[in-house]
Amino acid sequence: MTQNYLTALPHRAVLAITGPDARSFLQRVITHGPEGVTPERAMLSALLTPQGKLLADLIIFDDGEGELYFDLPASEAQALLKRFTLYRLRSDAALDLRDDLSVIAASGMGEAELRTVALAASPDPRNPAIGWRAIAPAGGPASDLNAYHAARIKAGAPEMSADFGPAEVFSTDVNHDLMGGIDYKKGCFVGQEVASRMHRKGGVRKRSLRLTTHSHAQPGDPVQAGDIALGAVSSAAPTCALARVRVDRLKDALSNGETLTLGGAPAQVIDDLDAL
């Protein structure tokens, strides 16, 4: 069961995008949306490099009054502002990093309080089990991130800064396609050719999987099956961890009766490998 929490997410920033051409120029840039996002339901998306690597994970909110809010990694906010400005070309759209706004998240009893202060709020589009997520005026709840990160790890939702850096991974490495973060039918977006080719070929080799272990894992701990190196932990919570692993090697090793270990301790895969 997800623990109750209400916390600011200082590792995330808010980019506001307005104007009559805002949606049309974004439609040809990002992996999902913004067509289809509504005030009731935020949307997971991403910006890729032309080579298909993930530059940033994005959560898009619609405030219901014509403004889009992008919840994005604070570490990349200035670089993303420049990149979106470049992609805008002559479109009539304004982009503004909003230091007066913040991203907050809540679960359980904190959700009602979140919704009272939110300019836009939605169940987390990656997995509603994580809780609710919102854009709100800065100066709200203090940062208390342990329960939030535990919730997203248990829900199998990798996040930039914690699990990967800019241009380090493909979207499928961190399950963006499984969480609805890529629309392969939307037409052109930056990196679309590479992403679509990987999708058509199938047989994704790397995934971020949820593992259980009796010992407390740490980022960087190796995941092995016997003597076979599979990958490493990217983020961890008590008794559960996210690890980016070679799924093909894992399936072969388990079918051959090898024992899965995480940091040398016995571990189990929570996710259904047959569905990957």
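In this text, all values refer to a predicted model and were calculated from it rather than measured experimentally.

**Focus: the overall build of the protein**
Then comes step 1: When you go through the protein residue by residue, the secondary structure sums to 6 helices and 15 strands.
Then comes step 2: On C-alpha atoms alone, the protein measures out to a radius of gyration of 19 Å, which is about the 19 Å that the 2.2 N^0.38 rule sets for 276 residues.
Then comes step 3: Once the C-alpha set of the protein is aligned to its principal axes, its extents read approximately 60 × 45 × 25 Å.
Then comes step 4: Each of the 276 residues in the protein was classed as buried or not, and the buried ones make up 52%.

**Here we look at the layout of surface pockets**
Then comes step 1: Quantified by volume, the largest pocket comes out at close to 240 Å³.
Then comes step 2: Taken together, 13 residues make up the lining of the largest pocket; nearest its centre are F170, T172, M198, V204 and R205.
Then comes step 3: Top contributing element to the lining of the largest pocket by residue count: helix α5 (residues 192-201), with 4 residues.
Then comes step 4: There is about 190 Å³ of room inside the second largest pocket.
Then comes step 5: Around the second largest pocket, the lining comprises 14 residues; the ones closest to its centre are G156, N175, L178, R210 and D271.
Then comes step 6: Of the residues that constitute the lining of the second largest pocket, the class distribution is 6 nonpolar, 4 polar and 4 charged.

Rules used throughout
Residues numbered from 1 in each chain as written. Predicted model: local features only at pLDDT ≥ 70, side-chain atom pairs only at ≥ 80, totals over all residues. Heavy atoms only, no water. Helix = DSSP H or I, 4+ residues; strand = E, 2+ residues; numbered from the N terminus. Rg over C-alpha atoms; globule rule 2.2 N^0.38 Å. Buried < 20%, exposed > 50% of the residue type's maximum accessible area, 1.4 Å probe, protein only. 1 Å grid on protein atoms, 1.4 Å probe; cavity = no way out; pocket = protein on both sides within 12 Å on 5 of 7 lines; lining within 4 Å. Points joined across faces, edges and corners; volume = space filled by probe spheres on them. Nonpolar A, V, L, I, M, F, W, Y, C, P; charged D, E, K, R; others polar.

So, to be careful, I would describe these as geometric facts and stop short of saying anything about function.
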